[in-house]
Structure formats: structure tokens, C-alpha cells
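So you can see what is in the structure, the chains are spelled out below.
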Amino acid sequence: MRKSFDLYFASSNKNKYSEAREILSKFNLSLGFFEFAPVEIQSHSVLEIAAQKSLDAYVSCKKPVIVEDDGLFIQSLGGFPGPYSSYVFKTIGNAGILRLVKSKRQAEFHSVISYCDGKKPVLFQGITKGVISKKQRGKGWGYDPIFIPRGKSKTYAELDDKNTISHRYKALGKFARWFDMRKSSGR
Ligand code: ITT
């Protein structure tokens, strides 16, 4: 029989789930996977996209659920690809991004976790600043081979401790502390 969880991660992206599960296990939270292909609204805001994604996910999942919306914001490209990161990765990919980024390489990875249990979604944001590398390094998924977080000389793909510094870790850490407080207060 399938194990049931108190909390699910709804996504079409298993890489995001695997990292989220590992991160939340450090906060003693177990996380089920709810495979879900969200219809993303057109918006410049990852907060707005995440909130709507979690409302839609709850309708299908019918259990307390979190979703995540991410964006890689490259300063010299006016924040591109930002909320369109998934589409841009599937179309021009890392090679395309490296062709676009010339001298100024500053970038930020944003994560928004949205929790929904049928009421108004609750949002948590995590940001990791860094730079875009000059070439692809390491064998990670998505933009991992081209993003070097601030204070490191390696890309996310080359680091062993990505899950302790990433945008995802920061957003999930805020969520886990809130979720725990809410549980202790009996709500
Ligand atoms: P959902 O079904 O959960 O929406 P998705 O892959 O479409 O999955 P997003 O809309 O949040 O997710 O897209 C953000 C894209 O940014 C994602 O597809 C990856 O290519 C990339 N991305 C997000 N977090 C990343 C990380 O930690 N490392 C590398 N790439 C990442």
C-alpha cells in the first residue's frame, strides 16, 4: 500500500522534490511527492505564480501541499529569465544563457514556497546571490552547472553542500520553522 504523508510537494520536477525532501528531513519533516503538471499563470511575479500553483495543487491533491516556483534573475539581462526560467531552460538552455551574458555576471536565484491547505496560501521566499560562470561546470540539473553562489568558487553542480546554502534551502527553512510553530500552537 502507498505510504500516506501529512505534507506533499506538488511538482512536475522530481529534482526539486528530491532536494526539498532532503532539506526538510533535517527539520524532521517528511514529504510525499504529488506528481502534478501545473498550468502556470502569466505573471512577472514568482510569488503570484507560486500562490496560484498551490491553490490548483490543493484542488487535485486534497492534502496539505507545498509547491515551489523558482527563477534565475540575471542582472545585466534585466532579470531575465526570472519567472520564465523553466521555459528558457527548455528552449535555449545553459548554452544559450552563456551566449547572452557578456561582462556583468551577477545573478540571483529566487525560490518561493507556497503552502496551501484549502485556505489562503502562505508564502516563503529564499534568495541566493551569485554569478553566472563563464562555462558549464559540473553535472547538476537545470541551471546548476552555470550558477556560482556568492562566497564560493564552485557552481551549484560542483558543490557538495548546495542543499545547505541554496535558494530552496532558505525558503524551506522559513517554511519549516513556521510549520513547526503552527503545529506546536495546535492550529
Ligand atoms: P514545477 O512543476 O514545480 O513548476 P518546474 O521545473 O517548471 O517545476 P519552475 O517553474 O519553478 O519549476 O521553474 C524553474 C526552473 O528553474 C526549473 O525548471 C529549473 O530549470 C530551474 N531551477 C530551479 N531551481 C533550480 C536549482 O536548484 N538548480 C538548477 N536549476 C533550477
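Quantities reported herein were computed from a predicted structural model and do not represent experimental measurements. (Residues numbered from 1 in each chain as written. Predicted model: local features only at pLDDT ≥ 70, side-chain atom pairs only at ≥ 80, totals over all residues. Heavy atoms only, no water.)

**Some thoughts on helix α4 (residues 93-100)**
So, point 1. Taken together, the buried positions of α4 are occupied by G93, N94, G96, I97 and L98.
So, point 2. Buried positions along α4 lie against β3 (65-74), β4 (81-82), α3 (85-91) and β6 (122-132). (Buried < 20%, exposed > 50% of the residue type's maximum accessible area, 1.4 Å probe, protein only. Helix = DSSP H or I, 4+ residues; strand = E, 2+ residues; numbered from the N terminus. Contact = heavy atoms within 4.5 Å.)

**Side note on the pairing of strand β2 (residues 32-35)**
So, point 1. Of the strand pairs in this sheet, strand β1 (residues 8-11) and β2 are connected by four bridges, and their pairing is parallel. Within β2, the residue paired with A10 across the bridge is F34.
So, point 2. Remark: the β1/helix α1 (residues 14-25)/β2 crossover connection has right-handed handedness. (Pairing = 2+ DSSP bridges. Right-handed = clockwise from strand over helix to strand, strands pointing away.)

**Remarks on the nonpolar core**
So, point 1. The biggest cluster of nonpolar side chains holds 18 residues, and the ones touching the most others in it are L7, L24, L31, I66, I113, L172 and F175.
So, point 2. Those elements that place two or more of their residues in this core are α1, β5 (106-116) and α5 (167-184).
So, point 3. If you tally residues by element for this core, the top one is α5, at five residues.
So, point 4. When neighbours within four sequence positions are excluded, I113 is seen to be in contact with I66, V67, E68, V122, L123, F124, A171, L172 and F175. (Core = buried A, V, L, I, M, F, W, Y, C linked by side-chain atoms within 4.5 Å.)

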